[in-house]
Amino acid sequence: MPDRSSHRAVPVHAHPEDVPVETALAALADPVRLQLVRELAGSADWSHSCGSFRVPVGKAALSHHFAVLRAAGLVEQRDQGPKRLNRLRREEFDARFPGLLGLVLREEGQGPVRPWVTARR
């Protein structure tokens, strides 16, 4: 049950089924948002509060980044006391865009997902 004692508005979440691919790609294109998604992917649901992420932005910018991720259907947030907890909506997002999160969550330097075939003429 949401905490109604907070002065913050309850976050609005888009369902991934309602998100166009352009919105999803734009949300994942930003390095800060990508870092947020990567940290969430590596942790248990609801274990990260907004202030626990290691990103080089202030509170207002962080709030904006989370709003973009919610609008893209990537993140769900809920208030628990004074903290806003987060979870990656991996299952729902993967159902809408199969394989997309897997591609962007790959660590740098792992190479392509599939070997590229180069035709020589």
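Refer to the structure printed above.
Not measured: the values here are computed from a predicted model.

**Student:** Honestly, the packing of aromatic side chains in this entry has me stumped. Any pointers?
**Tutor:** For any pair of aromatic rings, the description consists of the separation of the ring centres together with the inter-plane angle of the planes. Using the criterion set out here, one finds two aromatic pairs in the structure. With a centroid separation of 5.1 Å and 50° between ring planes, the pair formed by Phe93 and Phe97 is classed as tilted. Judged by its relative accessible area of 9%, Phe97 falls in the buried class. In this structure, Arg78 is placed above the aromatic ring of Trp46, and the distance from its NZ or CZ to the ring centre is 4.1 Å.

**Student:** Looking at this model, I keep getting lost on the sheet that holds strand β2 (residues 75-80). Mind explaining?
**Tutor:** Consider a sheet: its strands pair through backbone hydrogen bonds, and that pairing is either parallel or antiparallel. Here three strands make up an open sheet; going across it, the order is β1-β3-β2 and the pairing antiparallel. Every interior strand has two partners, whereas the edge strands, β1 (48-49) and β2, have only one. The sheet strands contacting helix α2 (residues 31-41) are β1, β2 and β3 (83-88), and the helix crosses β3 at an angle near 80°. The strands that helix α3 (residues 59-71) touches are β2 and β3; relative to β2, the one it contacts most, it runs at about 125°.

**Student:** How do you make sense of unusual backbone geometry when you look at a structure like this?
**Tutor:** Apart from glycine, the bulk of residues carry a negative phi angle, and the bulk of peptide bonds sit in the trans form. Look at Trp46: it is not a glycine, yet its phi comes out positive at around 65°. Relative to the helices and strands, Trp46 resides in the loop between α2 and β1.

**Student:** How do you make sense of the nonpolar core when you look at a structure like this?
**Tutor:** It is characteristic of soluble globular proteins that their nonpolar side chains tend to be buried jointly. Grouped together as the largest cluster of nonpolar side chains are 23 residues, with contacts concentrated most on Leu36, Phe66, Leu69, Leu74, Phe93 and Leu101. If you list the elements that add at least two residues to this core, you get α1 (21-29), α2, α3 and α5 (100-104). A total of four residues in this core trace back to one element, the largest contributor, which is α2. Sequence-distant contacts of Leu74, defined by excluding residues within four places in its chain, comprise Ala27, Leu28, Leu69, Arg87, Leu88, Arg89, Phe93 and Leu101.

Reading guide: rules and limits
Residues numbered from 1 in each chain as written. Predicted model: local features only at pLDDT ≥ 70, side-chain atom pairs only at ≥ 80, totals over all residues. Heavy atoms only, no water. Phe/Tyr/Trp six-rings, centres within 6.5 Å; stacked < 30°, edge-to-face > 60°. Buried < 20%, exposed > 50% of the residue type's maximum accessible area, 1.4 Å probe, protein only. Lys NZ or Arg CZ within 6 Å of the ring centre and 35° of its normal. Pairing = 2+ DSSP bridges. Helix = DSSP H or I, 4+ residues; strand = E, 2+ residues; numbered from the N terminus. Contact = heavy atoms within 4.5 Å. Axes fitted to C-alpha atoms, helices over the stretch in contact; angles between N-to-C directions. Core = buried A, V, L, I, M, F, W, Y, C linked by side-chain atoms within 4.5 Å.

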